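Close look at the chain arrangement
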Amino acid sequence: MHCAGTMLRTACRIFSAAGLATAAPAHSVTITDPAFLHFPMVSAVSAGNAPTVAWVIRQGGLTRLRIATAPNFAPVELVVQSDRDGQPISEIRVSPDGRHVAFVTGTAIGGRDDGYNPASLISPPSATVWIIEARSGAEPIKLGAGTTPVFTPDSGLLTYRRGRDLWAAKVRTPADAPSVLVTGGATFVHPTWSSNSKSLFFVQDRGGWSFLGRYDLGNDRITWLAAGASRVSSPALSPDGKTIAYFRWPVREQNVASDMYENEPVSLEAMDLETGTTTVLWRSLKKAGLKIADDDTSGLRWADDRTLVFRAEPDDWARLYAIARTGGSPRALTPPQCEVAESALLERGKLFVVHNCRDLDLRQISTFDISNGVEHPIKTSDQVFANAVAAGNGRWVAYAGADSRSPSLLRIVDARTGNLLLDETPATFGYTYQFRDPSPTSVKLKSTDGLAFSGQLFLPLGRAPHPAIVFAHGGPKEQMFPAFHYQSYYAYDYAINRRLAELGYVVLSVNFRSSTGYGRLFREAEGRAWRAASDYQDVLAAGRWLASRDDVDPRRIGIWGTSYGGFLTANALARNSDLFSAGVAVHGLFDWSRVPTIAGLAYPGKAFGVGPTQRNSALQSSPVAALNGWKSPVLLFSGDQDMNVDVHETIDLDRELTDRGVAVRTVILPGEAHRMIRQSSWDRLWSEQVRFFDENLAHTGAGAVGKARKP
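Here goes a summary of the coordinates provided.

1. Regarding the pairing of strand β34 (residues 452-458)
In terms of residue burial, β34 counts as a mostly covered element, since 6 of its 7 residues are buried. The sheet contact formed by strand β33 (residues 441-446) and β34 spans 6 bridges and is antiparallel. Looking at the pairing, Lys446 lines up with Ala452 of β34. Hairpin connection between β33 and β34: a loop of 5 residues separates the two successive antiparallel strands, and Gly450 in this loop has a positive phi of roughly 95 degrees. As judged from the 5 bridges shared by β34 and strand β36 (residues 506-511), these two strands associate in the antiparallel manner. Bridging across to β36, Gly455 finds its partner in Val510.

Right, here's the structure in full:
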């Protein structure tokens, strides 16, 4: 194992001393032991034109950068990085020729270079760009502060953002000092290079409107290709380099609040780069433009010089469509009444597609013929799929697969033969923990207003009646599965629910209205979020459903949730303490009307469409409007450098509840982010949470609520 730079050398020493992380069997650990959370899982995958795949494994306090190359795809570990200083590997990119890998250590704050500091270092860290040859024994070279590395198609330059500028390093002589490529170029998004690596196409947001531009290397100015009172996104250059396609969206009015997660009308346009002539290929008749996707490339891509493939919701379901370069009616490639999550372009006119067309509560994989939409299902024991990329010009495909007992790990498949060439398992990384509870099952429920929704039921072993817990996920534009999630944030949530079931709790995880996977009408349900908190009705129905079960003690029902799920948890405790006897709210949103004062902080209310005229109704849908009804004890948990939800929401709620005599324990992690960076933060959450539920639900009965402890 070779490393360079202080942090990377430290990581190597840790790796050499500790070896592969392991977890003891379930029966030998205490309830607070977090060993079960130290599972390996894929956090990023990258591939290029060459038959080389790179991926990152997150496990415990380590992140591992690995590569594999055709024909045998034997994994090679390039770098192992500790998160001790809050600097895990957060981004990767393989060069098109497969000879180099760029990666970023640390997590940037809001697109800036300065990084989160959960380790409380005296000198706060920056997100840092590195480059390493894709071979065993190679030494990584530090390029400096920055984010978002992108190689040019000829693999000659590596560009990345630093400060307000776009920087570049020479790939073949990376020891040469990087330099500014475009002053102010850090604002270029959706970068797309011409095949000769001489022109960069990009989108620049101007604040409610945006332009499509082109920068030719060596020029002293930008050429604006599409400008006007609208927004553009997802530029895609045709293989012959003659046409650029893109989406055009309505302008955002400056004095009107817009829900950033809600569909909008959209048009698909193509511009002839020689003549500048623009053709509208397709225009939606309603809000069919979808802004929620697992990957950036599935939205719009060229299948060949004649055909574009795009993702949209004209029938309220996320499907793939093909349309000719010259326009005409789009052809649906994927079935109705189900959703496409990701896709990758393979050779021979095929698409590898991650979808849920055979079971909305899980994910499946298939290939589809672009010419006629014929599906070829792929048989596999995995239940959840993500991070799909094509390698070697579509000859191979890599993706992450998971099931109820194995976290999301890498698979590489020969697209011609269907042979599985790489199949990682937890044992590959020394993880041996086996949950003793049965695998969770999907359940169908009815809300208090009759709306149908889904959940996952985790059942314990042992004698009933059991205490029970409702889990509400974050997002809310996410979906939980009866299997490990493909994102580490939600994979930890799933593992915690499994462990709670092992300890004797019945757990019901809820895909409440607003969740993805069930179509636009469910995702954009009337009254959701700040409008009337209609999604809380699903959580309330879940709690009542648990209370009606013979194997549940109705006096011992709790709830927990993260982020948006924290909002639902707080609403449950504020409005129905008669049902929910205790709760854990992790970096939750408690006041939709709040206007934060911290520079650079995301403004959840504004992002979800709360403007000045909506603040009163938004407040009434918030937990803080019903605090006088809050009687049950609560654990509040947040990082204090959370840039998604203002930590003051947690701090202020602590004070309000304490003043009302509610038992509350609040844990604040210095420097930690919303998506907690260090493994020790997740370990701390588990320790605090399981002790809290143990004291308030597990062994105490209804008379013992109120035992939440102050620090």
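2. Topic: helix α2 (residues 488-502)
Counted at 1.5 Å a residue, the expected span for α2 with its 15 residues is 21 Å, and the 21 Å between its end C-alpha atoms agrees. The positive-phi residue at the C-terminal boundary of α2 is Gly504, with phi of around 110 degrees.

3. Some remarks on the environment of Pro336
Within the element layout of this structure, Pro336 appears in the loop between β24 (331-332) and β25 (340-345). Among the residues examined, Pro336 registers a relative accessible area of 46% and is labelled partly exposed. Once the C-alpha coordinates of Pro336 and Ala318 are considered, the two residues, 18 residues apart in sequence, prove to be 8.6 Å apart. Ignoring sequence-local partners within four residues, the contact set of Pro336 consists of Asp315 and Arg319.

4. Comments concerning the packing of aromatic side chains
Applying the stated criterion across every chain, the model contains 34 aromatic pairs. With a centroid separation of 6.2 Å and 50 degrees between ring planes, the pair formed by Phe36 and Tyr433 is classed as tilted. Of the two residues, Phe36 is situated in the loop between α1 (6-18) and β1 (41-47) and Tyr433 in the loop between β32 (420-423) and β33; the sequence distance between them amounts to 397 residues. Each member of the pair, Phe36 as well as Tyr433, is classed as buried. A cation sits over an aromatic face here: Arg162 above Trp167, 3.9 Å from the ring centre. Directly above the ring of Tyr489 sits Arg675, whose terminal nitrogen or CZ lies 4.9 Å from the centroid.

5. A look at the nonpolar core
Nonpolar side chains in soluble globular proteins tend to be buried together. Of all hydrophobic cores here, the largest spans 51 residues; its most connected members are Phe580, Trp592 and Trp630. Per-element tally for this core: the top contributor is helix α5 (residues 564-575), with 7 residues. Excluding residues that lie within four positions of it along the chain, Trp630 makes contacts with Ala570, Leu573, Ala574, Ser577, Leu653, Leu657 and Val662. With 41 residues, the next largest nonpolar core counts Ile469, Tyr490, Val667 and Val690 among its residues.

6. Considerations on the pairing of strand β17 (residues 230-237)
Among the 8 residues of β17, 8 are classified as buried, and the element is accordingly described as predominantly covered. The hairpin formed by β17 and strand β18 (residues 243-250) contains 5 residues between the paired strands, and Gly241 there has a positive phi angle of roughly 75 degrees.

7. Notes on the packing of helix α4 (residues 534-547) against α5
At a minimum axis distance of 10 Å, the contact between α4 and α5 shows a crossing angle of 65 degrees. By the angle between their directions, the pair α4 and α5 is classed as roughly perpendicular. α4 and α5 meet at a crossing whose hand is right-handed. Judged by residue contacts, Asp535, Tyr536 and Val539 of α4 engage Tyr564, Phe567, Leu568, Asn571 and Ala572 from α5. Along the lines of polarity and charge, the residues of the contact of α4 with α5 split into 6 nonpolar, 1 polar and 1 charged.

The rules behind these values
Residues numbered from 1 in each chain as written. Predicted model: local features only at pLDDT ≥ 70, side-chain atom pairs only at ≥ 80, totals over all residues. Heavy atoms only, no water. Buried < 20%, exposed > 50% of the residue type's maximum accessible area, 1.4 Å probe, protein only. Helix = DSSP H or I, 4+ residues; strand = E, 2+ residues; numbered from the N terminus. Pairing = 2+ DSSP bridges. Expected span 1.5 Å × (residues − 1). Contact = heavy atoms within 4.5 Å. Phe/Tyr/Trp six-rings, centres within 6.5 Å; stacked < 30°, edge-to-face > 60°. Lys NZ or Arg CZ within 6 Å of the ring centre and 35° of its normal. Core = buried A, V, L, I, M, F, W, Y, C linked by side-chain atoms within 4.5 Å. Axes fitted to C-alpha atoms, helices over the stretch in contact; angles between N-to-C directions. Parallel < 35°, antiparallel > 145°, perpendicular 65-115°, else oblique. Left-handed = near helix turned anticlockwise from the far one by under 90°. Nonpolar A, V, L, I, M, F, W, Y, C, P; charged D, E, K, R; others polar.

Structural measurements only, silent on function.
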